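The lines below spell out each chain.
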Amino acid sequence: MAWVATAELASAVSNAGGLGIIAAGNLTPSELKAEIAKTKALTENPFGVNLMLLSPYIEEQVKIVCEERIPVVTTGAGNPGKYMDKLKKAGTKVIPVVASPGLAKRVEKLGADAVIAEGMEAGGHIGKLTTMVLVPQTVDAVSIPVIAAGGIADARGVAAAFSLGAEGIQIGTLFACSRESIAHENFKKRVLSASSLDAVVTGESTGHPVRSLRNSLTKKLLELEAKEASFEEFEKLAIGGLKRAVREGDIKTGSVMAGQVAGLVKEIKPVKEIIEEIYKGAEKIFRNFAEMGVEK
């Protein structure tokens, strides 16, 4: 959600009763400060920051999060252990994104307050396990809350996540196409027109698989992969791709990162409407189960 999860989207989610998240991975320290200030001006409700631990600015970003008393951070692309004590002393809850039950157990030992179990259906950087198998195994592996992510875009996905033992959900692709999202209209329209088979994976041979929508960039990346190209060659072609797609609307040579649920996203709606629809729908599903004598 880099370049997408800005103050506008984060504040809209928090105002609608969710926990909005600012994506800090692409931000300089001054830009992160500005996004936090803007979000505080747009909502009085809690919001969080996502920290990409491989960011060249990570030290400064952690310092800013602590100074600003951000209540929650989610982390990805690295081990949060180095920053755990500092964040906890500032009163910040730390919720790493994990792709395996083993990693969930490790971050729990480091002091994580919860984990986001993200299945490989998700857009962007992915692991190897699907949400359906990752979530229940992670729930069984740890004693802290598990938040499900990957493949969730409607009430059915929410109900399924809770049935698997999750205590919360994280949504990306659907919110990226919300009315409040600053993503370029070309980006949103490409997602809305996509089928589930359009969300392809590139970079598996490099150890850094990414899911995005099929276009000329993914075609070239897959051709490089077939030739067993180096990670450096991949990086040279892919660098800056997400920004080109999200901010400039280049959906041909840009990286249109989106999950397999793109096939379910058919309309641009306000965040508040999205949240109300999926939770009311999930409640209805569980009421139907109860009437049938089936427990959650």
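Residues numbered from 1 in each chain as written. Predicted model: local features only at pLDDT ≥ 70, side-chain atom pairs only at ≥ 80, totals over all residues. Heavy atoms only, no water.

Let's talk about the overall build of the protein chain
So, step 1. Looking only at helices and strands, one finds 13 helices and 10 strands in the protein chain.
So, step 2. Computed over C-alpha atoms, the radius of gyration of the protein chain comes to 18 Å, within 12% of the 19 Å expected from 2.2 N^0.38 for 296 residues, which places it in the range of a compact globule.
So, step 3. For the protein chain, the residues scored as buried account for 50% of the 296 residues in total.
So, step 4. A separation threshold of at least 6 residues defines the contact pool for the protein chain, and within that pool the share at least 24 residues apart is 59%.
So, step 5. Per element, the accessible surface of the protein chain, about 14200 Å² overall, is 54% carbon and sulfur.
So, step 6. Measuring between centres, the 36 positive side-chain charges of the protein chain sit 1 Å from its 35 negative side-chain charges. (Helix = DSSP H or I, 4+ residues; strand = E, 2+ residues; numbered from the N terminus. Rg over C-alpha atoms; globule rule 2.2 N^0.38 Å. Buried < 20%, exposed > 50% of the residue type's maximum accessible area, 1.4 Å probe, protein only. Contact = heavy atoms within 4.5 Å. Areas by Shrake-Rupley, 256 points an atom, 1.4 Å probe, with all protein chains shown as cover. Lys, Arg positive; Asp, Glu negative; His and termini not counted. Charge placed at Lys NZ, Arg CZ, Asp CG, Glu CD.)

Some remarks on the sheet that holds strand S6 (residues 124-125)
So, step 1. In space, the 3 strands of this open sheet follow the order S6-S10-S9, with antiparallel pairing throughout. Two strands close off the open sheet at either side, each with one partner strand: S6 and strand S9 (199-202).
So, step 2. Examined bridge by bridge, S9 and strand S10 (residues 210-213) share 4 bridges and lie antiparallel to one another. Bridge pairing in S10 links Val200 to Ser212.
So, step 3. Sheet strands in contact with helix H10 (residues 216-226) are S9 and S10, and its direction is about 35° off that of S9. (Pairing = 2+ DSSP bridges. Axes fitted to C-alpha atoms, helices over the stretch in contact; angles between N-to-C directions.)

Quick notes on the nonpolar core
So, step 1. Of all hydrophobic cores here, the largest spans 53 residues; its most connected members are Phe175, Phe187, Val191, Leu213 and Val271.
So, step 2. Counting residues per element, this core draws most heavily on helix H13 (residues 271-291), at 7 residues.
So, step 3. In this structure, Ile22, Val62, Val65 and Ile70 belong to the second largest nonpolar core, which totals 22 residues. (Core = buried A, V, L, I, M, F, W, Y, C linked by side-chain atoms within 4.5 Å.)

Some remarks on the packing of helix H5 (residues 101-110) against helix H6 (residues 131-141)
Any two packed helices are characterised by how steeply their axes cross, that is the angle between the axes, and by the distance between the axes.
So, step 1. Between H5 and H6, the least distance of the axes is 9 Å, while the angle of their chain directions is 35°. As for how H5 packs across H6, the hand of that crossing is right-handed. Seen from H5, the contacting residues are Pro101, Ala104, Lys105 and Glu108; seen from H6, they are Leu134, Gln137, Thr138 and Ala141.
So, step 2. Of the residues assigned to the contact of H5 with H6, the class counts are 4 nonpolar, 2 polar and 2 charged. (Left-handed = near helix turned anticlockwise from the far one by under 90°. Nonpolar A, V, L, I, M, F, W, Y, C, P; charged D, E, K, R; others polar.)

Quick look at the pairing of strand S4 (residues 93-98)
So, step 1. Looking at chain direction, strand S3 (residues 72-76) and S4 are connected through 4 bridges and run parallel. What sits directly across from Val73, in S4, is Val94.
So, step 2. Note on the crossover from S3 through helix H4 (residues 81-89) to S4: the handedness is right-handed.
So, step 3. As a crossover connection, the stretch from S4 through H5 into strand S5 (residues 115-118) is right-handed. (Right-handed = clockwise from strand over helix to strand, strands pointing away.)

Overview of the pairing of strand S1 (residues 20-23)
So, step 1. Note that S1 and strand S2 (residues 47-52) share 4 bridges and pair parallel. Bridge assignment links Ala23 to a residue of S2, and that residue is Asn50.
So, step 2. Once you follow S1 into helix H2 (residues 29-42) and on to S2, the crossover reads as right-handed.

Some remarks on the pattern of salt bridges
One side chain can pair with another of opposite charge once the charged atoms of both are near each other.
So, step 1. Per the counting criterion, the structure on display carries 10 salt bridges.
So, step 2. Between Asp198 and Arg214 there is a salt bridge; the shortest N-O distance is 3.8 Å. A residue pair is termed long-range when its members are at least 10 positions apart, and Asp198 in the loop between helix H9 (185-192) and S9 and Arg214 in the loop between S10 and H10 qualify at 16 residues.
So, step 3. The partner of Lys269 in a salt bridge is Glu277, with the nearest N and O atoms 2.8 Å apart.
So, step 4. Judged by relative accessible area, Lys269 falls into the buried class, the value being 18%. (Salt bridge = Lys/Arg side-chain N within 4 Å of Asp/Glu carboxyl O.)

Let's talk about the packing of H2 against helix H3 (residues 58-67)
So, step 1. Following both chains from N to C, one finds H2 and H3 inclined at 25°, their axes separated by 9 Å at the closest point. In terms of axis orientation, H2 runs roughly parallel to H3. Every pair of crossing elements has a handedness; the one defined by H2 and H3 is right-handed. Taken together, the residues of H3 that come into contact with H2 (itself represented by Pro29, Leu32, Lys33 and Ile36) are Glu60, Gln61 and Ile64.
So, step 2. Taken together, the residues of the contact of H2 with H3 sort by class into 4 nonpolar, 1 polar and 2 charged. (Parallel < 35°, antiparallel > 145°, perpendicular 65-115°, else oblique.)

So, to be careful, I would describe these as geometric facts and stop short of saying anything about function.
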